[in-house]
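Listed here are the chains, written in short residue letters.
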Amino acid sequence: MAEIELRHIDKHFGPVHVIRDVNLTVKDREFVVFLGPSGCGKTTTLRAIAGLEEIDSGDILLDGKPIQNLSAADRDIAFVFQNYALYPHFTVYENLAFPLRAVGTSKDEVDRTVRSVGKSLGIGHMLNARPSSLSGGDMQRVAIGRALVRRPKALLLDEPIGSLDAKLRETMRVELKRLHFENGSTSIYVTHDQVEAMSLADRIVVMNEGVLQQVGTPTEVYLYPANLFVAQFIGSPIMNISATRISEADGTARIALDSASFELPRELLGMLQQKKAGTDLSLGVRPEGVLLSHDSRAGYQPAEAHIIQPFGSFDIVDLKLGEKTLRARTASGFVTKAGTQVWARIDPSQAHFFDTKSGASLDIRLARDEERSRDVPTPITRQNVEL
Amino acid sequence: MMTTLSPTSRAATRGWSDITIRNLFVIPTVAFLIIFNVFPLLYSLGFSFTDFRASSKDAANFVGLQNYADILADPVIWRSFATTLWYVIVSVSGQFVVGFGLALLLNRPIPGKGLLTTLLLLPMMLSPVVVGLFWKLIYDPSWGILNYALGLGKTAWLTDANLALYAVAITDIWMWSPFVMLLSLAGLSAVPKHLYEAASIDRASKLYTFFRVTLPLVAPILLIAVIFRTMEAFKTFDIAFVMTGQPQAELISSRLYKMAFAQWQTGPASALAYIVLIMVLCITNIYVKYLNKAKER
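Values in this document were obtained by computation on a predicted structure and should not be read as measured data. Numbering of residues starts from 1 in each chain and follows the order in which that chain's sequence is written. Working convention: letters from A go to chains and numbers from 1 go to ligands, in the order in which they are written. pLDDT decides what is reported in this predicted model: residues at 70 or higher carry local features, side-chain atom pairs at 80 or more are listed and counted, and totals for whole chains, interfaces and linings draw on all residues regardless.

Chemist: Before we go on, may I ask you to explain the domain arrangement of chain A in this structure?
Modeler: How big an interface is tends to be reported as the loss of accessible area on association of its parts. Residue and element names in this part refer to chain A. The start and end points of each domain follow an automatic or database-based domain assignment. If you check the domain split of chain A, you get domain 1 (4-232) and domain 2 (239-385). Using only C-alpha atoms to locate each centre, domain 1 and domain 2 end up separated by 38 Å. By the convention adopted here, residues are in contact when the distance between their C-beta atoms, placed from the backbone, does not exceed 7 Å. Every contact between the two is made by 10 residues of domain 1 and, on the other side, 11 residues of domain 2. Strands are runs of DSSP state E lasting at least two residues, helices are runs of H or I lasting at least four, and both sets are numbered from the N terminus onward. Secondary-structure elements contributing two or more residues to the side of domain 1 that touches domain 2 are α7 (218-223) and α8 (228-233). The element that contributes the greatest number of residues to the side of domain 1 that touches domain 2 is α8, accounting for 4 residues. Three residue categories are used. Nonpolar comprises Ala, Val, Leu, Ile, Met, Phe, Trp, Tyr, Cys and Pro, charged comprises Asp, Glu, Lys and Arg, and polar comprises the others, including Gly. A breakdown of the residues in the side of domain 1 that touches domain 2 according to their chemical character gives 8 nonpolar, 2 polar and no charged.

Structure follows, in structure tokens:
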């Protein structure tokens, strides 16, 4: 049982302001993922919670009690290091037993706990091995086991599977999810890999340059990015973003992308007016929000397929619209040859509008287009996002 | 017109192969080693089985293992061995405690750390004879600074049979602790910082971390320091020779020196030298065994 609360956390490394007024509450038993590019302050925040890094100002509360002045050892928070940090001179058994022995746990209890944790992580048969003889995945299992043996109030993980190969990462991801499900300890997980974040998190905290950009469930963060940074950081391939102008014609709103102009429902104009949007407007649309057709249809604009990247279950097609490129996600094999003429339109329900200057989302949500083409691939689901 | 040739191409034009060049570098060293090390070693092994005296014109007579038997039956030599062993224990453990302690103090970010380390290393850069001579002044019973500073009256450090050994050991500790410190410091700074972080996360106290994490990880390099210092302490001669002539506190190498050069018993002295050599080899072998065990981790 543990709730972690961060209040106005600030931290500098010399002249660099690494954490800027971070406020966050992680609820009991919640799995929160800090996501952001390298150097965004996510690891520093995590280390500050663990007590490995001091903060300049602010409060860190564990179950309502301030802990920012306690040493790491007194916080009862376990930490899994990116480089595992296993004790090289100890066997796996001794590594797992270390946190228990350090506080004088009885021999019988140490043995019982170590063996049960070893078994649940599938490392029961290698308890007598030394870390140097283990594979990366097994070392990580031991590191996680060492964090779990003491049944900590909270579990912090710093890119724990970042140095494993792709296949193993996938296995470990599922395993981490299972472990959280079984142990239910409040967990904070740091990663720069959005796939990990999306698949593991109850809530994702997107960070950049020491500032929280958005906090929300994976679906919220994916479907309703709060600003341009989040929009471009989450989602692969990256969201199409382009400066745009909006005008009214024939009872619809028309949105200009280079030479082409796409049709969007008329409500958009009113919404923009209501939000007092300026002229510096950016349109964001994910590749799956670009609908393609082989033949000319009402509302579709002609475009030329340029680069086609097959991913197996779907293809990513770069369309040329004058000077601009629009990236679309299509059913596998929808376009096979570069240079093919296709027709494209933008799904209004997947169009995002941002203020170019501030980067903030205007939070405009249009209704789903009724006439969605049958050529359009499967709608967005979590599964679809986890590529 | 000038043509420039690189050294290799010049050598190549003279027809020297890589092997020739390599041999040119190696042969002088090997020759010196054979003339000044290997040959005397074997020659003295021969002496150890004779009654040869370097001071006399008499031919050497082969006496078999008589020299070895005499030495091993001589209580004076056994006393010297016992004294030496005690001296090694006192001196090396003293150096270990002081050197490792200093290393622990220095193993943290402190201003002027580089300068401090260099200053602390000075004693081991001095000549042992010089060190011995000025410690003799420090120990002087009537006007030495030690008795004055500690208010010990006229304590005769170097002539008192019970104190002389310790007085020499203290000097040796002063001189060689920096060596242990240097190696320990290298070992301590090689312990990854994340292991200390892991230990603090694992709720280990400072003391627990020291004994369970730090010490096991620096053990191999500490053992190397101890091996070096044990071998050196075993053959301590210069410091003791210039500081004290106290026969009750006579170290084995002083005994050896007296036999070989004061009494000119070249044959028996050679035999004693071989006995010392074998002992040192035995002791270092024990350490090396532990070292390999520690390194396996």
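Chemist: I'm lost on the sheet that holds strand β10 (residues 211-216) of chain A in this one. Help?
Modeler: All names here are of chain A. Paired strands, as defined in this entry, are two strands with at least two bridges between them according to DSSP. Taken in spatial order, the 6 strands of this open sheet run β6-β7-β8-β3-β9-β10, and their pairing is mixed. Strands at the two margins of the open sheet, each flanked by one partner only, are β6 (77-80) and β10. Averaged over neighbouring strand pairs, the angle between their axes works out to 20 degrees when direction is ignored. Across 5 bridges, strand β7 (residues 154-158) lies against strand β8 (residues 186-191) in parallel orientation. Along β8, the bridge assignment pairs A154 with T186. Only the contacting stretch of a helix is used when fitting its axis, a line to C-alpha atoms as for every element, and angles between N-to-C directions run 0 to 180 degrees.

Chemist: Any chance you could explain the packing of helix α4 (residues 75-106) of chain B against helix α8 (residues 164-189) of chain B here in plain terms?
Modeler: Pairs of packed helices are described in terms of their axes, by the angle between the two and the distance that separates them. All names here are of chain B. The interhelical angle for the contact between α4 and α8, taken along N-to-C directions, is 40 degrees, at an axis separation of 6 Å. Accordingly, the angle class assigned to the pair α4 and α8 is oblique. α8 is crossed by α4, and the crossing has right-handed handedness. When an angle is under 35 degrees it counts as roughly parallel; over 145 it counts as roughly antiparallel; between 65 and 115 it counts as roughly perpendicular; any other value is oblique. Handedness of each helix crossing follows the sense of rotation of the near helix against the far helix: counterclockwise by less than a right angle gives left-handed, clockwise gives right-handed.

Chemist: Got a minute to help me understand the domain arrangement of chain B in this structure?
Modeler: The domains assigned to chain B are domain 1 (17-47) and domain 2 (69-295). The distance between the C-alpha centroids of domain 1 of chain B and domain 2 of chain B comes to 32 Å.

Chemist: Even after reading the chapter, I still don't get helix α10 (residues 206-234) of chain B, so can you show me in this structure?
Modeler: Residues three or four positions apart in an α-helix share a direction because the helix packs 3.6 residues into each turn. Residues and elements named next belong to chain B. For a helix, the expected span equals 1.5 Å multiplied by the residue count minus one. Under the 1.5 Å per step criterion, the end-to-end length of α10 is only 36 Å for 29 residues, more than 12% shorter than the ideal 42 Å. Along α10, the sharpest kink reaches roughly 55 degrees, centred on A219 and followed within four residues by the proline P220. Residues R212, V213, L217, V218, L222, L223, A225, V226, R229, A233 and F234 constitute the buried set of α10. Against the buried residues of α10 lie α4, α8, α9 (193-201) and α13 (266-295). A residue's bend is given by the angle between axes fitted to the 7 residues ending at it and the 7 residues starting at it. Between the buried cut of 20 or more and the exposed cut of 12 or fewer other C-beta atoms within 10 Å of a residue's own C-beta lies the partly exposed class, and all C-beta atoms are placed from the backbone.

Chemist: Is there a simple way to think about the interface of chain B and chain A in this case?
Modeler: Taken together, the contact between chain B and chain A spans 14 residues of the former and 18 residues of the latter. When residues of the side of chain B that touches chain A are traced back to their parent elements, those giving at least two are α9 and α10 of chain B. For the side of chain B that touches chain A, the element with the highest residue contribution is α9(B), accounting for 6 residues. For the side of chain B that touches chain A, the residue count by class is 8 nonpolar, 2 polar and 4 charged.

Chemist: Is there a simple way to think about the environment of R130(A) in this case?
Modeler: Residues and elements named next belong to chain A. Tracing the backbone shows R130 in the loop between α3 (107-120) and α4 (136-148). Judged by local crowding, R130 falls into the partly exposed class, with 18 C-beta atoms found within 10 Å. Along the primary structure R130 and Y93 are separated by 37 residues, whereas in three dimensions their C-alpha atoms are 8.9 Å apart.

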